[in-house]
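Letter by letter, the chains look like this.
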Amino acid sequence: MESRYQPADIEPQVQNYWRDNRCFEVTEDPDKEKFYCLCMFPYPSGALHMGHVRNYTIGDVIARYQRMQGKNVLQPIGWDAFGLPAENAAMKNKVPPANWTRQNIEHMRGQFERLGMGYDWSREFATCDPSYYRWEQWFFTRLMKKGLVYKKNAVVNWDPVDQTVLANEQVIDGRGWRSGALVERREIPQWFMKITAYVEELLTGLDTLDGWPDSVRTMQRNWIGRSVGLELAFPIENSNEELVVYTTRPDTLFGVTYMAVAAEHPLAREAAQGNPELQAFLDECRQVSSSEAALETMEKKGMPIGVNARHPITGDAIPVMAANFVLMDYGTGAIMAVPGHDERDWEFATKYTLPIRQVIEPEDDGEHDISRGAIVARGRLVNSGDFSGMQFDEAFDAIADWFESRGKGKRRVNYRLRDWGVSRQRYWGAPIPVINAADGETLPVPEGDLPVVLPEDVNFDGSGSPIKSMPEFIETKDPRDGAPATRETDTFDTFFESSWYYARFACPDADDAMLDERARYWLPVDQYVGGIEHAILHLLYARFFHRLMRDEGLVDGDEPMTNLLTQGMVNAQTYFRQQTGADGEEAGVSWYNASELELKRNERGQVTGAVLTEDGQPVEIGGVEKMSKSKRNGVDPQEMIDRYGADTVRLFAMSDVSPDQGLEWTDEGIEGSFRFHKKLWRAVHAHVERGAPPALAVDALNDGQLTLRRKLHATIAKATDDIGRRKTFNTAIAAVRELMNDIAAFKDTSPEGHAVLQEAWTAIIAMLSPVVPHMAHVLWEALGCEGAVIDAPWPVVDESALVSASELYVVQVNGKLRAKLSVPAGIGRDELEATAMADENVQRFTDGKQVRKVIVVPGKLVNIVVG
């Protein structure tokens, strides 16, 4: 064993050992308990960042720990390879998206290997592999036949330059995030999956996910958005038409003073014919993002469409407005506006001088001026005809009964969740396996013709998807009669691939089926690890997909993942300068990476000042924020690995805070982890240099040796609970460090002491091996342990070692501390009281006084009460 810790030498050797011995490749073993550990698979962007390092280290620690518990552990890895970033890179670098993607995969695979991740690389796949997306195409055709997918016109954010649909998040100030073109709300044909057919099951299933964070389950419940309300219709004046609306507040019905419809609503379109001003307004509305965040913050605009509705109870005329905050694909595309009791409706009514009527009197009986704002709380109905005086629940039922008895409305359970639009007009995605026949029919591609392979050798200039102008891809034949037909040129939303990849890892080489019996062995995933930013869409779609596969007979059970861990962000200090223009006005902010600066620190290592190396001038110290390219506060993992070794980076990622909290990256922190490694290496080296220890004979140990051994097994118990149950790796590491401090203070050089240290060091290396596997591999061998630590079991607590020969009691007189006693464990109460009373300091406060009672808390306290 070398005397110095040199990670650059040992880590490649250990990785070669794992690779040569295929340590992490697993097969199904019905005689062993399985454990499937999975991290959300990465997008091959080209380089890992510190967020990746933390996320995947968490998964690797869990997988290695469970392996040491004797379980058959699967930990696979793959690549979420389709998506828009590859197209943007293709335009920038003049490289086809497929080439860019596969080059990045090669590079990132090497980075994962440098970090020592224990993946079963034999199961690796990328979602852009035809052998993978063939089966989702097959599945889609099955769902078509079952009526669970359909095509309809839908309103989308359309970028006229990039010729593609944009997600709401890609529309910035009404413009495409890349092209800068004004985005249109355009109605185009889109493919949808009927996730709403499973909505109630998806909602109630959340109650069974005890291993998921409450925050994630709450987010999904809110996204599904179950509500109970009333559906009713407002007749249109001088027409047989009606405006159907849904409301959860029928108690406010008498406060309706206007109706609002979406720009795409048929009533608004009809009214715009021959009305250029209204048509221009509707066109303007179509250039607004449909994201909820944008709708909440944007200026609310509207215009009368020249039509009135009639109140279904009072018969009063109510103006109908076209409004930019009403969306056609939410609800019915129309709302009843109650400005007296809804903040958004109040804001709109105030702007356009529309009536505001109070029909609810809050229960608190306080003063409420409706001219200053809406009253949104529930309360007693006023100004509501026969329903005045009723409270919410009574009014809800009475008004619902009124409409239902007359056939003019009905109670209804509604959901915020809408069917999943899976069409994308982008190129780099899995082709949707549909044939458009000459007679207008949409037909599934026959199973024997799958996969529909995406052409990869393309010229990509960003002016729309290249396959839309490739006759060799588009032209095909009608499977019914061989007549000329065309292929669908839309591709799948990338969530489609990430919704079932976890199942394919169980049997990635299955050539004749989407999944085989191996999926029944491995599923569900026992531990899933990933960011909370995926709490809603990805996880909801995966739960939906699992049920679809269940109903197709491909998997068992209702849920895809039993336990979920959502890790916190990696944060770092930011540095900036506020730039000024020639006129002295502020002209933006320039951000700087710490590597560009000379940092001044105080005696505790905290940064107190920063100077830009380039010009010697100071920069401002900003806040600690999530590592990002925009704030330039990222740290290159590869640079850290080259400087300190992978184990140091892994240790720092695990040892500072619990995994669900944000981790602050600091130079002092990574340096501290490196010092710990060197200290551990030196200590084990010194122990090994003493030679082989004798066998441990517990009966021959003295009190000091027994005390250290007791601390060792208490540490094993804590680390086992912290890692296995609580997933608080930081507290487990802290416990091991505390044990090492006790070892450093243990000066026993006897053979028995050497044997106790051998047991301690062996257990420490085993407990640290999931976190620092390279170092542990070498030190395990140096300690003379059998086999490799990767195959070692987790240390077992010796319960007898935890039993102390003595107990420490605090002795109080009238509640005040007067003495501490070390007495034999299990001492009787009478003997304990006598020993306490005989203590010299206790006697100073009891002599000459009457002992009224003695209170004993076993194992802790004796309190003598005197008067």
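The preceding data block contains the structure.
Asker: Give me the lowdown on the overall build of the protein, citing residues and values where you can.
Answerer: Secondary structure assignment for the protein yields 26 helices and 35 strands. Along the three orthogonal principal directions, the C-alpha set of the protein runs to about 105 × 80 × 70 Å. Buried residues in the protein amount to 52% of all 867 residues. When the accessible area of the protein is evaluated, it comes to approximately 38,800 Å², of which 47% is carbon and sulfur surface.

Asker: Kindly report on the pattern of salt bridges, identifying the contributing residues and their values.
Answerer: Scanning the model with the defined rule gives 61 salt bridges in all. The salt bridge involving Glu 106 is made with Arg 109; its shortest N-O contact spans 2.8 Å. Residue Glu 106 and its partner Arg 109 are both found in helix α4 (residues 97-114); the two are separated by three residues, about one turn of the helix. Among the charged side chains, a network of salt bridges with common partners joins Glu 201, Arg 543, Arg 547, Arg 550, Asp 551, Asp 558 and Glu 559.

Asker: Go over the sheet that holds strand β35 (residues 861-866), please, and point to the residues and values.
Answerer: Reading across from one edge, β33-β32-β35-β34 is the order of the four strands in this open sheet, with mixed pairing throughout. Unpaired on one side and paired on the other, β33 (816-824) and β34 (851-857) mark the two borders of the sheet. Going across the sheet, the axis of each strand differs from the next one's by a mean of 20°, ignoring polarity. Alignment of strand β32 (residues 806-813) against β33, held across eight bridges, turns out to be antiparallel. Bridge assignment links Ser 806 to a residue of β33, and that residue is Pro 824.

Asker: Pulling in residues and values, what's your account of a positive patch on the surface?
Answerer: A cluster of like positive charges, contributed by Arg 4, Arg 675, Lys 678, Lys 679 and Arg 682, occupies part of the molecular surface. Looking at the element boundaries, Arg 675 is found in helix α20 (residues 667-689).

Asker: Kindly report on unusual backbone geometry, identifying the contributing residues and their values.
Answerer: Here the bond from Leu 450 into Pro 451 is cis, since omega is 5°, no more than 30 degrees from zero. Along the chain, Pro 451 turns up in the loop between β20 (442-444) and α13 (471-474). Cis geometry marks the peptide bond from Leu 523 to Pro 524; its omega dihedral reads 0°. Its location among the elements puts Pro 524 in the loop between α16 (517-522) and β24 (527-531). In this model, Asn 383 sits at a positive phi of 50°, which is unusual for a non-glycine residue. By the element assignment, Asn 383 lies in the loop between β15 (379-381) and α12 (392-405). Residue classification places Asn 383 among the exposed residues on the basis of a relative accessible area of 55%. Its identity is not glycine, yet Asn 814 carries a phi of approximately 55°, on the positive side.

Asker: Outline the packing of α20 against helix α23 (residues 751-768), listing residues and values.
Answerer: Between α20 and α23, the shortest axis-to-axis distance is 11 Å and the interhelical angle comes to 145°. Crossing handedness for the pair α20 and α23: left-handed. Mapping the contact onto sequence places Phe 676, Leu 680, Ala 683, Val 684 and His 687 in α20 and His 754, Leu 757, Gln 758, Trp 761, Ile 764, Ile 765 and Leu 768 in α23. Of the residues assigned to the contact of α20 with α23, the class counts are nine nonpolar, three polar and no charged.

Asker: Could you give an account of the packing of aromatic side chains, naming the residues involved and the relevant values?
Answerer: Scanning the model with the defined rule gives 41 aromatic pairs in all. When the ring centre of Phe 392 is taken as origin, the NZ or CZ atom of Arg 378, which lies over that ring, is 3.7 Å away. Geometry around Trp 223 places Arg 416 over its ring, the cationic atom sitting 4.3 Å from the centre.

Asker: Lay out the sheet that holds strand β21 (residues 475-477) in plain terms, naming residues and giving numbers.
Answerer: Taken together, four strands build an open sheet; the order of strands is β20-β19-β22-β21 and the sheet is antiparallel. With partners counted over all chains shown, the strands left at the sheet margins are β20 and β21, one partner each. Direction aside, neighbouring strands of the sheet carry axes that sit 45° apart on average. Taken together, the two bridges between strand β19 (residues 434-436) and strand β22 (residues 484-487) define a ladder with antiparallel strand orientation. The residue bridging Asn 436 from the neighbouring strand is Thr 486, located in β22. Strand contacts of helix α5 (residues 130-145): β19 and β20, with the helix running at about 125° to β20, the strand carrying the most contacts.

Asker: Let's hear about the nonpolar core: which residues, and what values?
Answerer: Core analysis: the largest hydrophobic core is formed by 181 residues, its most contacted members being Met 549 and Leu 680. In terms of residues, this core owes the most to one element, α23, which gives ten residues. Here Met 549 is in contact with Phe 139, Trp 500, Tyr 502, Ala 503, Met 514, Leu 515, Leu 554 and Val 555, once residues within four sequence places are set aside. If you look at the next biggest cluster of nonpolar residues, it comprises 39 residues, including Met 259, Ala 272, Leu 278 and Ile 360.

Asker: How would you summarise the environment of Ala 646 if you had to cite specific residues and measurements?
Answerer: With respect to the helices, strands and loops of the structure, Ala 646 is situated in helix α19 (residues 646-655). With 128 residues separating them in the primary sequence, Ala 646 and His 774 have C-alpha atoms 8.3 Å apart.

Asker: Which residues make up the packing of helix α3 (residues 84-93) against α4, and what are the values?
Answerer: Across the interface, α3 lies against α4 with an axial gap of 8 Å and an inter-helix angle of 105°. When the axes of α3 and α4 are compared, the pair comes out roughly perpendicular. In this structure, α3 uses Pro 85, Ala 86, Glu 87, Ala 89, Ala 90 and Asn 93 to contact α4, whose residues at the interface are Pro 97, Trp 100 and Thr 101. Classifying every residue of the contact of α3 with α4 gives six nonpolar, two polar and one charged.

Asker: Go over α23, please, and point to the residues and values.
Answerer: For α23, spanning 18 residues, the distance from its first C-alpha to its last is 26 Å, which sits close to the expected 26 Å at 1.5 Å a residue. Within α23, 16 of the 18 residues are buried, leaving the element largely enclosed by the surrounding structure.

Asker: How would you summarise α19 if you had to cite specific residues and measurements?
Answerer: By the criterion of burial, α19 is predominantly enclosed, with ten of the ten residues buried. Along α19, the residues that are buried comprise Ala 646, Asp 647, Thr 648, Val 649, Arg 650, Leu 651, Phe 652, Ala 653, Met 654 and Ser 655.

Asker: Outline the side chain of Gln 190, supporting the account with residue identities and numerical values.
Answerer: Relative to the helices and strands, Gln 190 resides in strand β7 (residues 184-193). For Gln 190, the side chain forms a polar contact with the side chain of Gln 425, separated by 2.9 Å. In this structure Gln 190 touches Tyr 150, Lys 151, Lys 152, Ala 154, Val 156, Val 165, Ser 423, Gln 425 and Asp 490, once residues within four positions along its chain are discounted.

Asker: Before we move on, can you summarise the state of the cysteines with the specific residues and values?
Answerer: One pass over the structure, following the stated rule, counts zero disulfides. Note on Cys 507: no disulfide assigned, nearest cysteine sulfur contributed by Cys 37 at a separation of 19 Å. Its relative accessible area of 0% is what places Cys 507 among the buried residues.

Asker: Any details on the pairing of β24? Residues and values, ideally.
Answerer: By the criterion of burial, β24 is predominantly enclosed, with five of the five residues buried. With four bridges connecting them, β24 and strand β25 (residues 564-567) associate as parallel partners. In the sheet register, Gly 531 faces β25, and the bridge partner there is Gln 567. For the segment spanning β24, helix α17 (residues 537-551) and β25, crossover handedness is right-handed.

Asker: Tell me what's going on with the pairing of strand β8 (residues 226-235), and back it up with residues and numbers.
Answerer: Relative to strand β16 (residues 409-415), β8 runs antiparallel, the two being bridged by seven bridges. Residue pairing in the sheet places Arg 226 in a bridge with Tyr 415 of β16. Alignment of β8 against strand β9 (residues 242-247), held across six bridges, turns out to be antiparallel. Across the sheet, Ala 233 pairs through a bridge with Val 244, a residue of β9.

Asker: With reference to specific residues and values, describe the side chain of Glu 497.
Answerer: Topologically, Glu 497 is positioned in helix α14 (residues 495-498). Notably, Glu 497 is buried but unbridged: the nearest opposite-charge side chain belongs to Arg 426, and the N-O separation is 8.6 Å. Setting aside residues no more than four positions away along its own chain, Glu 497 makes contact with Phe 82, Thr 127, Tyr 132, Glu 136, Ala 430 and Phe 492.

What counts and how
- Residues numbered from 1 in each chain as written.
- Predicted model: local features only at pLDDT ≥ 70, side-chain atom pairs only at ≥ 80, totals over all residues.
- Heavy atoms only, no water.
- Helix = DSSP H or I, 4+ residues; strand = E, 2+ residues; numbered from the N terminus.
- Buried < 20%, exposed > 50% of the residue type's maximum accessible area, 1.4 Å probe, protein only.
- Areas by Shrake-Rupley, 256 points an atom, 1.4 Å probe, with all protein chains shown as cover.
- Salt bridge = Lys/Arg side-chain N within 4 Å of Asp/Glu carboxyl O.
- Pairing = 2+ DSSP bridges.
- Axes fitted to C-alpha atoms, helices over the stretch in contact; angles between N-to-C directions.
- Patch = residues over 30% accessible without salt bridge, like charges linked within 9 Å, V, L, I, M, F, W, Y side chains within 5 Å.
- Lys, Arg positive; Asp, Glu negative; His and termini not counted.
- Charge placed at Lys NZ, Arg CZ, Asp CG, Glu CD.
- Left-handed = near helix turned anticlockwise from the far one by under 90°.
- Contact = heavy atoms within 4.5 Å.
- Nonpolar A, V, L, I, M, F, W, Y, C, P; charged D, E, K, R; others polar.
- Phe/Tyr/Trp six-rings, centres within 6.5 Å; stacked < 30°, edge-to-face > 60°.
- Lys NZ or Arg CZ within 6 Å of the ring centre and 35° of its normal.
- Core = buried A, V, L, I, M, F, W, Y, C linked by side-chain atoms within 4.5 Å.
- Parallel < 35°, antiparallel > 145°, perpendicular 65-115°, else oblique.
- Expected span 1.5 Å × (residues − 1).
- Polar contact = N/O pair within 3.5 Å; in protein donor to acceptor, adjacent residues only side chain to side chain.
- Disulfide = S-S within 2.5 Å.
- Right-handed = clockwise from strand over helix to strand, strands pointing away.

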